[in-house]
Amino acid sequence: MPRRRIGFWYRLAAVIAKPPLVVLLKRDWRGVEHIPADGGFITAVNHNSHVDPFAYAHFQYNTGRVPRFLAKHGLFKGGFVGAVMRGTGQIPVYRESTDALSAFRAAIDAVERGECVAFYPEGTLTRDPDLWPMTAKTGAARVALQTKCPVIPVAQWGANELLPPYAKKPHILPRKTHHVLAGPPVDLARFYDKEMTPELLKEATEVIMAAVTALLEEIRGEKAPATPFDPRQARIAQRRKTAQQSKSAQQSKTAQQDTAGKVGEQTGTAGEDSK
């Protein structure tokens, strides 16, 4: 299947976005040979900065296979940004609504048309304290297993040094390097033609994220934690800690009140004895 024409809107977006990216970030891009020359496929990419979607899109734009990102539906509303999002073929995601699955249907349609769909499987910026990939959602695995398309794992690092997660101001100097390393397709054949149970999707997702994490280990030259950070478990642990702290504070307050009451009783008794 031939490559899709990049089109006016993507070229316009590139004209606007590439100059500042070139100025702000040096490039260390490897693994371009693993990006398929034609046909539909998925890239699974780690996410550690609000800048990295632009930096990663720059990398893939230069391969000739432009990515279609899944993005919040609010970005597709009126105005120039909305026009660019629609014109470049990005895929709106309607979270917590009856339209949530439409993004996956659109992603499947895009892959079957020979497009590349770029997934951030974590769904948001990583919350791992050391910015390693955390546990992921199963959307990329679901699309991959339904279409049997190649899944290219991609790790990136460096945009987070320009703009750390949740930071408001960039660290422009010294100039940072955006590292990208794309790997060979993830082997998901053992999951094909099976019922897509939550357990199967979870296992396939873990295989995809393990490949992404291994590439990031190569970039960073260090080992990731044996167990990925799980934000859900972290929230549960935080709630338990907060509840325990509240309970301890209440117990301490009750103990202080009891002590004050006993002191008052003793003072009253001593006053009666002195009469």
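Now for a description of the structure that goes with this document.

1. Comments concerning helix α3 (residues 80-87)
The periodicity of an α-helix, 3.6 residues per turn, causes residues three or four places apart in sequence to face the same way. Taken together, the buried positions of α3 are occupied by Gly-82, Ala-83, Val-84 and Met-85. Tucked inside the fold, the buried residues of α3 contact α1 (8-24) and β3 (67-72).

2. Re the pattern of salt bridges
Under the definition given, this model contains 7 salt bridges. With its nearest N and O atoms 2.8 Å apart, the salt bridge here joins Asp-193 to Lys-148. Highlighted residues: Asp-193 in the loop between β7 (176-182) and α7 (198-220) and Lys-148 in the loop between α5 (139-147) and β6 (151-157), separated in sequence by 45 residues. Taking the relative accessible area as the measure of exposure, Lys-148 reaches 40% and is therefore partly exposed. The salt bridge involving Lys-223 is made with Glu-217; its shortest N-O contact spans 3.5 Å. Lys-223 sits in the exposed class, given a relative accessible area of 66%. Classification of Glu-217 by relative accessible area gives buried; the value is 16%. One network of salt bridges, with partners in common, ties together Asp-28, Arg-30 and Glu-218.

3. Section: the environment of Pro-170
Among the secondary structure elements, Pro-170 is positioned in the loop between α6 (159-162) and β7. Pro-170 sits 10 residues away from Asn-160 along the chain, and the two C-alpha atoms are 9.3 Å apart. Those residues in contact with Pro-170, other than ones at most four positions away along the chain, are Leu-162 and Leu-163.

4. Let's talk about the nonpolar core
Proteins that are soluble and globular tend to have nonpolar side chains buried together. Core analysis: the largest hydrophobic core is formed by 26 residues, its most contacted members being Ile-42, Val-151 and Leu-188. Counting residues per element, the ones that place at least two in this core are β2 (41-45), β4 (91-93), α4 (102-112), β5 (116-119), α5 and α7. Residue contacts for Val-151: discarding those within four places in its chain leaves Ile-42, Ala-44, Ala-144, Pro-184, Pro-185, Val-186, Leu-188 and Ile-208. Counting 14 residues, the second largest nonpolar core, distinct from the first, contains Phe-41, Phe-69, Ile-152 and Val-180.

5. What to know about the packing of α1 against helix α2 (residues 52-63)
It is at 10 Å that the axes of α1 and α2 come closest, and there the two elements cross at 115°. Crossing of α1 over α2 shows left-handed handedness. Mapping the contact onto sequence places Tyr-10, Arg-11, Ala-14, Lys-18, Leu-21 and Val-22 in α1 and Phe-54, Ala-55, His-58, Tyr-61 and Asn-62 in α2. For the contact of α1 with α2, the class distribution of residues is 7 nonpolar, 2 polar and 2 charged.

6. Observations regarding the side chain of Asp-52
You can see Asp-52 is positioned in helix α2. As a buried residue without a salt bridge, Asp-52 has its nearest oppositely charged side chain in Arg-220, at a separation of 11 Å. There is a polar contact of 3.4 Å between the side chain of Asp-52 and the side chain of Gln-156. If near-sequence neighbours (up to four positions away) are discounted, Asp-52 is found in contact with Asn-46, His-47, Tyr-120, Gln-156 and Ala-159.

7. Considering a nonpolar patch on the surface
Together, Val-15, Ile-16, Leu-75, Phe-80 and Val-81 line one region of the surface with nonpolar side chains, adding up to about 480 Å² of accessible area. For the nonpolar patch, the secondary structure elements donating two or more residues are α1 and α3. Along the chain, Leu-75 turns up in the loop between β3 and α3. Residue Leu-75 is classed as partly exposed on the basis of its relative accessible area of 41%.

8. Some thoughts on a positive patch on the surface
A surface patch of positive charge is lined by Arg-127, Lys-137, Arg-232, Arg-235, Arg-239 and Arg-240. Positionally, Arg-239 belongs in helix α8 (residues 231-273). Under the relative-accessibility criterion, Arg-239 is labelled exposed at 53%.

9. Describing the sheet that holds β4
Taken in spatial order, the 7 strands of this open sheet run β1-β7-β6-β2-β5-β3-β4, and their pairing is mixed. Two strands bound the open sheet, and with one partner strand each, they are β1 (25-30) and β4. Neighbour-to-neighbour, the strand axes of this sheet turn through a mean angle of 25°, independent of strand direction. Where β2 lies against β6, 4 bridges are found, and the strand directions are parallel. Looking across to β6, one finds that Val-45 is bridged to Val-154. In the packing of α1 onto the sheet, contacts are made with β1, β3 and β7, and the angle to β1 comes to roughly 110°.

Rules used in this analysis
Residues numbered from 1 in each chain as written. Predicted model: local features only at pLDDT ≥ 70, side-chain atom pairs only at ≥ 80, totals over all residues. Heavy atoms only, no water. Buried < 20%, exposed > 50% of the residue type's maximum accessible area, 1.4 Å probe, protein only. Helix = DSSP H or I, 4+ residues; strand = E, 2+ residues; numbered from the N terminus. Contact = heavy atoms within 4.5 Å. Salt bridge = Lys/Arg side-chain N within 4 Å of Asp/Glu carboxyl O. Core = buried A, V, L, I, M, F, W, Y, C linked by side-chain atoms within 4.5 Å. Axes fitted to C-alpha atoms, helices over the stretch in contact; angles between N-to-C directions. Left-handed = near helix turned anticlockwise from the far one by under 90°. Nonpolar A, V, L, I, M, F, W, Y, C, P; charged D, E, K, R; others polar. Lys, Arg positive; Asp, Glu negative; His and termini not counted. Polar contact = N/O pair within 3.5 Å; in protein donor to acceptor, adjacent residues only side chain to side chain. Patch = residues over 30% accessible without salt bridge, like charges linked within 9 Å, V, L, I, M, F, W, Y side chains within 5 Å. Areas by Shrake-Rupley, 256 points an atom, 1.4 Å probe, with all protein chains shown as cover. Charge placed at Lys NZ, Arg CZ, Asp CG, Glu CD. Pairing = 2+ DSSP bridges.

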